[in-house]
Structures are given as structure tokens and as C-alpha cells.
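Coordinates in review
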Amino acid sequence: MTKTKDKNTEEQILMAAKDVFQTKGMDGARMQEIADKAGINKAMLHYYYRSKQLLFEAVFKNAFSLLAPQLNKILNDNSSIEDKVKNFSSNYISFIIKHPYLPNFIIQELNRNPDFIKNIQENNSILNIDKFKAQVALEVEQGILKPTKGDQLFINILALNIFPFVAKPLVKAFVKTDDQGFKKLMEQRKTEVSEFIIHSIKQH
């Protein structure tokens, strides 16, 4: 009974923390606000997570562990590169709209913590692009794609999907829009990005 209760409390904390981090960001979030939202006292929150950073890492790992398998499945299934580009962009953007703190947190952690990638690799959460690269080479050979390197293509897909979320305030200022407009813009990018990439790599 106690174990179930502990697990439920932890889930409540992670859900509350995710909401607060999404609205306030890492710096603006307060442990007291997270405790209040989770319906527990601050002492109980500190019993589970000694610091805001540890809690943020737990929220991140929880979200990343949901995203990585989805993206790995797309990269390693038997669909064409064209379908992979479409599905990767659509899945990634849908996920980040729901977890907008994730890209900035990854960049923050990469700068702050050199062992970050090692930890992800140990948890088997890193994306495996070996099959993707081999498939790109095969489709180039078959004349489906223009001469393209798999690793460069993958970086292009990542860059075009990730940048708008990382630079959200900048993008909003450039296009003169609010949060709602930005969200609509990102929904449109699901097809915009994939069509842009496919047009650039496919033999016509």
C-alpha cells in the first residue's frame, strides 16, 4: 500500500512540476508553487527531490523517455525516407508542443553537464540513426534521392524542427505573434518542414 502511495505522490509531483516549468521556466519556477500544485507540503517535496534542479532533471528524463522510443521507432521502421521525414517532424513537433521546456533543457544540460549524453546513452534513450543512414545511401543508389549524406540529412531534420522552439521569443518577435499564434505556426511546420526537406532531397 505504501509503495503505491509513494508512486502516486511522485507522479503527482512530476505532473505538477511539468506544469509549473512549462509556464514559469526553470528560473521562474518555485518549489513552494510545485508543492502547492501537487497538493503536498514543501517538506514532503524536498523528501522526494532535494533541489529544483533534481526535480527538473526528473521531469525531463520522464518526458525524454517517452519521446526517444517514438522517434527511434520511426527511424528504424521499414517505411521510406520520405515517410520517415514526415513522421519524424510530425511526432517531434506534436510532442514538443506538449512539452515545450524540453529543447531548452537539453541545451542547458549539454552546456552544464558533460556527462549528460553519457547518461542518456546508458538509459538507451539516444536516437539510433544507423539504419536511417544506410537507408539514405540505398535510396540515393536507387535514384530515389539526390546524392545526400544520411548524417547531414538527419542534422537538417533536427535543426529545422528544434530551432523554432529553442528560439521561441525571437521567432514570436520576428513574425509578430503571441503564444497562440506560435502554436498554430508550429502545427503548420509539421508539413512545412517535411515538404521543404523532401523537395530538397528527392529526385524529380
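The protein chain carries the name Transcriptional regulator, TetR family in an unreviewed UniProt entry, which gives Xanthomarina gelatinilytica as its organism.

For the rest of this paragraph, the subject is the overall build of the protein chain. Broken down by element type, the protein chain carries 11 helices and 0 strands. Each helix and strand of the protein chain, placed in order from N terminus to C terminus, yields the pattern α-α-α-α-α-α-α-α-α-α-α. Along the three orthogonal principal directions, the C-alpha set of the protein chain runs to about 65 × 40 × 30 Å. Out of the 204 residues in the protein chain, the part that is buried amounts to 38%. Taking the contacts inside the protein chain whose residues are at least 6 apart along the sequence as the reference set, 66% of them involve residues at least 24 apart. In the form shown here, the protein chain has an accessible surface area of approximately 12100 Å², with 54% of it arising from carbon and sulfur atoms. For the protein chain, the separation between the mean place of its 29 positive charges and that of its 23 negative charges on side chains is 3 Å.

In total, this model carries 6 aromatic pairs according to the counting rule given. Each ring, one from Phe21 and one from Phe56, has its centre 4.3 Å from the other, and the planes form 65 degrees; the classification is edge-to-face. In this pair, Phe21 sits in helix 1 (residues 2-28) while Phe56 sits in helix 4 (residues 52-76), placing the two residues 35 residues apart along the sequence. Taking the relative accessible area as the measure of exposure, Phe21 reaches 1% and is therefore buried. Ring geometry for Phe88 against Phe154: centres 5.9 Å apart, planes inclined by 80 degrees, an arrangement best described as edge-to-face.

Bringing the environment of Ile162 into the picture now. Inspection of the secondary structure puts Ile162 in helix 9 (residues 150-166). Looking at Ile162, the relative accessible area reads 24%, which means it is partly exposed. For the pair Ile162 and Ile96, spaced 66 residues apart in the sequence, the C-alpha separation amounts to 8.8 Å. Aside from chain neighbours lying at most four places away, what touches Ile162 is Tyr92 and Pro103.

The rules behind each value
- Residues numbered from 1 in each chain as written.
- Predicted model: local features only at pLDDT ≥ 70, side-chain atom pairs only at ≥ 80, totals over all residues.
- Heavy atoms only, no water.
- Helix = DSSP H or I, 4+ residues; strand = E, 2+ residues; numbered from the N terminus.
- Buried < 20%, exposed > 50% of the residue type's maximum accessible area, 1.4 Å probe, protein only.
- Contact = heavy atoms within 4.5 Å.
- Areas by Shrake-Rupley, 256 points an atom, 1.4 Å probe, with all protein chains shown as cover.
- Lys, Arg positive; Asp, Glu negative; His and termini not counted.
- Charge placed at Lys NZ, Arg CZ, Asp CG, Glu CD.
- Phe/Tyr/Trp six-rings, centres within 6.5 Å; stacked < 30°, edge-to-face > 60°.

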